[in-house]
Amino acid sequence: VQLVESGGGLVQPGGSLRLSCAASGFTFSSYHMSWHRQAPGKERELVAGIIRTGGRTMYADSVKGRFTISRDNAKNTVYLQMNSLKPEDTAVYYCSAGARYDYWGQGTQVTVSS
């Protein structure tokens, strides 16, 4: 099983980034997927989730209206489009597979700073 995140980087406040998470080694379309983040000195928190079919999503209040989670089951990939980024969005972002977060990626750093 492998989850590989990409797309992180340094962006100015108000900017956008699109994270990708490529999955392999399991039946991607059978798993709910989610994005989480962990800022320095803070606990990991759930940012967004999407069900197997992509027909339903959920978001943390802190990102609602700014972030969009989506998935492409044909490409075994889940995405996180992040708009209107704020310095407080700075964190390592992780994708996870499964309703109980069975599998995790290694994370990708997102830094929002001027």
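What counts and what doesn't
Residues numbered from 1 in each chain as written. Predicted model: local features only at pLDDT ≥ 70, side-chain atom pairs only at ≥ 80, totals over all residues. Heavy atoms only, no water. Core = buried A, V, L, I, M, F, W, Y, C linked by side-chain atoms within 4.5 Å. Buried < 20%, exposed > 50% of the residue type's maximum accessible area, 1.4 Å probe, protein only. Helix = DSSP H or I, 4+ residues; strand = E, 2+ residues; numbered from the N terminus. Contact = heavy atoms within 4.5 Å. Pairing = 2+ DSSP bridges. Axes fitted to C-alpha atoms, helices over the stretch in contact; angles between N-to-C directions.

**Comments concerning the nonpolar core**
Judged by nonpolar contacts, the single largest core of 28 residues is most densely connected at Trp35, Val78, Leu80, Met82 and Tyr93. Those elements giving two or more residues to this core turn out to be β3 (17–24), β4 (33–38), β5 (45–50), β7 (67–72), β8 (77–82), β9 (91–97) and β11 (108–112). Each residue touching Leu80, except ones within four places of it in the same chain, is listed here: Leu17, Arg18, Leu19, Trp35, Val47, Ala48, Phe67, Thr68, Ile69 and Tyr93.

**Describing unusual backbone geometry**
Even without a glycine there, the phi angle at Ser84 is positive, about 50 degrees. Tracing the sequence through the fold places Ser84 in the loop between β8 and β9. Judged by its relative accessible area of 41%, Ser84 falls in the partly exposed class. With a phi angle near 55 degrees, Tyr101 is a residue other than glycine that sits in the positive phi range.

**Focus on the sheet that holds β3**
The strand order across the open sheet built from four strands is β1-β3-β8-β7, with neighbouring strands paired in antiparallel fashion. Here the strands that pair on one side only, and so sit at the sheet edges, are β1 (2–6) and β7. Adjacent strand axes in the sheet meet at a mean angle of 15 degrees, parallel and antiparallel pairs treated alike. Examined bridge by bridge, β3 and β8 share six bridges and lie antiparallel to one another. Its bridge partner lying in β8, Leu19 is registered against Leu80.

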